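Topology and contacts: notes
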Number of protein chains: 2
Amino acid sequence: MHFGYALRRAQIAAFDAFASATAGHPITPPRYTALVILEANPGISQSALGEVLGTARSGAMMLTNWLVARGLAERRHRPEDARAWGLYLTRRGKTLLGTLKRRVLDHDQRFGAKLTPAERREFLRLLGKLAP
Amino acid sequence: MHFGYALRRAQIAAFDAFASATAGHPITPPRYTALVILEANPGISQSALGEVLGTARSGAMMLTNWLVARGLAERRHRPEDARAWGLYLTRRGKTLLGTLKRRVLDHDQRFGAKLTPAERREFLRLLGKLAP
DNA sequence: TATTGTTATACTCTATAACTATA
DNA sequence: TATAGTTATAGAGTATAACAATA
């Protein structure tokens, strides 16, 4: 069995847990991650968002467009640089993220509950060695 | 740190290893997996291929079309069921898969070499508990 | 009626390239 | 010239729905 396959299978199972947690919302993993990043970095630029997400600028823009169209985030002009936007969660975005975070964390913990506490620690340590 | 994120990061690293192994070939993880499945199950039907891959029939068909268009696989009529095709690797498909398997396995082992042999065994055991 | 393959369609993710406005 | 954002385009993956041929 390849590492790649085994990892992929486990990650698909984790995606399933995420899908259960976000059922009823059109939220995908990248969108959820973007919300989390915006919450932790108010005023971040689109380019910086793309860098953190590990995607191209254009991808960050489409992601931002989607969030803005649904009233979850907003662009604000930066006085010090007319080229860049500052991105912020709206009240609605913060509320949704609050709800989703609880549900995602809950499902994540249930997913991890297949391991004992000691196994969880060891597993996360080994993941850290594989993807530093 | 969520399990989901940690797993995703490690899996992206594994995908990178796969990409290095298949550099120069337009082979993706699902295409590689399909080749492996066809090698192990000569004459398998498209529907069965889709089931093993965990995707819809239509996806298995587009995958098959791609392989057939490049001369890597072929469809043969089944005498016992005029509805279904039997799928087979061509000689060219077998040759390519042979080359790729060596390279993918090599990169997979290099990826896993970030862990000690004992850690590798434990890691695969824990992955098995998470995604049985 | 159920199944196989097929086609059409749609959405998401990702990437590159070219363009604009600004620095 | 370099950067931020934008737009266009493309490929890949995945899914559903409807259809014809066959079982």
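Preceding this section is the structure that the text describes.
Predicted model only: the values in this text are computed from it and were never measured. (Residues numbered from 1 in each chain as written. Chains lettered and ligands numbered in written order. Predicted model: local features only at pLDDT ≥ 70, side-chain atom pairs only at ≥ 80, totals over all residues. Heavy atoms only, no water.)

1. Considerations on helix α5 (residues 91-112) of chain A
Going by this rule: Here a helix means four or more residues in a row that DSSP labels H or I, a strand means two or more in a row labelled E, and each is numbered from the N terminus. Helix span, as expected, comes to 1.5 Å for every residue beyond the first. The buried label goes to any residue with under 20% of its type's maximum accessible area, the exposed label to any with over 50%, and the partly exposed label to all in between, with areas taken from a 1.4 Å probe on protein chains only. As used here, the arc belongs to the directions running from the helix axis to the C-beta atoms. Contacts were defined at the residue level, with two residues in contact if any of their heavy atoms lie within 4.5 Å.
Here α5(A) is 22 residues long and its end C-alpha atoms lie 31 Å apart, about the 32 Å a rise of 1.5 Å per residue gives. For α5(A), the full list of buried residues reads A:Gly93, A:Leu96, A:Leu97, A:Leu100, A:Val104, A:His107, A:Asp108, A:Phe111 and A:Gly112. Down the axis of α5(A), the buried side of the element spans an arc of 125 degrees, and every buried residue falls inside it. In this structure, α5(A) carries A:Arg91, A:Lys94, A:Arg102, A:Gln109 and A:Arg110 as exposed residues pointing more than 90 degrees from its buried face. Check the buried side of α5(A) and you find it contacts α1 (3-21), α2 (29-40), β2 (81-89) and α6 (117-130) of chain A together with α1 (3-21) and α6 (117-130) of chain B.

2. A short note on the packing of α6(A) against α1(B)
How we decide: For helices, the fitted line uses only the C-alpha atoms of the stretch in contact; every axis is such a line through C-alpha atoms, and the angle between N-to-C directions lies from 0 to 180 degrees. Handedness of a crossing is defined here by the sense of rotation of the near helix relative to the far one, left-handed for an anticlockwise turn of less than a right angle and right-handed for a clockwise turn. For this classification, Asp, Glu, Lys and Arg are treated as charged, while Ala, Val, Leu, Ile, Met, Phe, Trp, Tyr, Cys and Pro are nonpolar and the rest, including Gly, are polar.
Where α6(A) meets α1(B), the closest approach of the two axes is 9 Å, and the angle between their N-to-C directions is 35 degrees. Between α6(A) and α1(B) lies a crossing of left-handed hand. Taken together, the residues of α1(B) that come into contact with α6(A) (itself represented by A:Arg120, A:Phe123, A:Leu124, A:Leu127 and A:Leu130) are B:Phe3, B:Ala6, B:Leu7, B:Ala10 and B:Ala13. When its residues are assigned to classes, the contact of α6(A) with α1(B) shows 9 nonpolar, no polar and 1 charged.

3. Looking at the protein's contact with DNA strand C
Cut-off, in case you're wondering: If even one non-hydrogen atom of a residue comes within 4 Å of a molecule or strand, that residue is called near it. Each polar contact in these results corresponds to two N or O atoms within 3.5 Å; when the atoms are within protein, one needs to be able to donate a hydrogen and the other to accept it, and residues that are neighboring in sequence are counted only if both atoms are side-chain atoms.
If you check the shell around DNA strand C, you find 21 residues, and the closest are A:Thr28, A:Ser58, B:Ser47, B:Arg83 and B:Trp85. Each atom of DNA strand C within 4 Å of the protein was classed as base or backbone; sugar and phosphate made up 63%. The side chain of B:Gln46 places a nitrogen or oxygen atom 3.0 Å from a phosphate oxygen of DNA strand C. One of the backbone nitrogen or oxygen atoms of B:Ser47 is found 2.7 Å away from a phosphate oxygen of DNA strand C.

4. As for the relation of the copies chain B and chain A
Note the cut-off: The copies were overlaid with a least-squares fit restricted to C-alpha atoms from residues scoring a pLDDT of at least 70 in each copy.
When chain B is fitted to chain A, the residual RMSD is 0.1 Å, and the transformation amounts to a turn of 180 degrees plus an axial shift of 0.0 Å. Seen this way, the second copy is the image of the first under a two-fold rotation axis. Scanning chain B for the C-alpha nearest the rotation axis identifies B:Phe123, at a separation of 3.3 Å. Here 100% of the contact residues of chain B are again contact residues in chain A; the copies associate through an equivalent surface.

5. Overview of the nonpolar core
Spelled out, the test is: Only buried residues count toward a nonpolar core, which is a set of Ala, Val, Leu, Ile, Met, Phe, Trp, Tyr and Cys residues joined through side-chain atoms within 4.5 Å.
Membership of the largest hydrophobic core comes to 28 residues, with the highest contact counts inside it found for A:Leu7, A:Phe123, B:Leu7 and B:Phe123. Excluding residues within four positions of it along the chain, A:Leu7 makes contact with A:Leu127, B:Leu7, B:Ala10, B:Gln11, B:Ala14, B:Phe111, B:Phe123 and B:Leu127.

6. Description of the pairing of β2(A)
Residue and element names in this part refer to chain A. Counted only if it meets this: The pairing criterion for strands is at least two bridges between them, as found by DSSP.
With 6 bridges joining them, strand β1 (residues 73-78) and β2 adopt antiparallel strand pairing. Residue His77 lies in a different strand from β2, and its bridge partner there is Trp85. Between the end of β1 and the start of β2, which pair antiparallel, lie 2 residues.

7. Quick notes on the interface of chain B and chain A
Note the threshold: Buried area is calculated as the accessible area (1.4 Å probe) missing from two parts once they are joined, with the contributions of both summed. A pair is scored as a salt bridge if a Lys or Arg side-chain nitrogen falls within 4 Å of a carboxyl oxygen belonging to Asp or Glu.
Taken together, the contacts link 35 residues of chain B with 35 residues of chain A. Across the chain B/chain A interface, buried area totals approximately 3500 Å², and carbon plus sulfur atoms make up 71% of it. By the criterion of area lost to chain A, the three top residues of chain B are B:Phe3, B:Phe123 and B:Leu130, representing 19% of everything that side buries. Run the count over chain B and chain A and you get 4 salt bridges. With its nearest N and O atoms 2.9 Å apart, the salt bridge here joins A:Glu119 to B:Lys129. Elements with a contribution of two residues or more to the side of chain B that touches chain A: α1, α2 (29-40), α5 (91-112) and α6 of chain B. At 12 residues, α1(B) tops the list of elements feeding residues into the side of chain B that touches chain A. Looking at the side of chain B that touches chain A residue by residue, the class counts come to 21 nonpolar, 5 polar and 9 charged.

8. Description of helix α3 (residues 46-53) of chain B
All names here are of chain B. Three or more residues of α3 are buried, namely Gln46, Leu49 and Gly50. Down the axis of α3, the buried set is contained in an arc of 100 degrees. They therefore lie on one face. Across from the buried face of α3, at angles greater than 90 degrees, the exposed residues are Glu51 and Val52. Buried positions along α3 lie against α2, α4 (57-69), β1 (73-78) and β2 (81-89). Once α3 ends, the next one or two residues include Gly54, with phi positive near 80 degrees.

9. Structural notes on the side chain of B:His2
Of note, B:His2 is situated in the segment before α1. Those residues in contact with B:His2, other than ones at most four positions away along the chain, are A:Tyr32, A:Val104, A:Leu105 and A:Asp108.

10. A look at the side chain of A:Thr33
Summarising the element assignment, A:Thr33 is placed in helix α2. Residue classification places A:Thr33 among the buried positions, given a relative accessible area of 17%. Side-chain polar atoms of A:Thr33 contact the backbone oxygen of A:Pro29, separated by 2.8 Å. Within the structure, A:Thr33 has its side chain in polar contact with the side chain of B:Tyr5 (distance 3.1 Å). Among residues more than four places away in sequence, those in contact with A:Thr33 are A:Leu53 and B:Tyr5.

These figures capture arrangement, not role.
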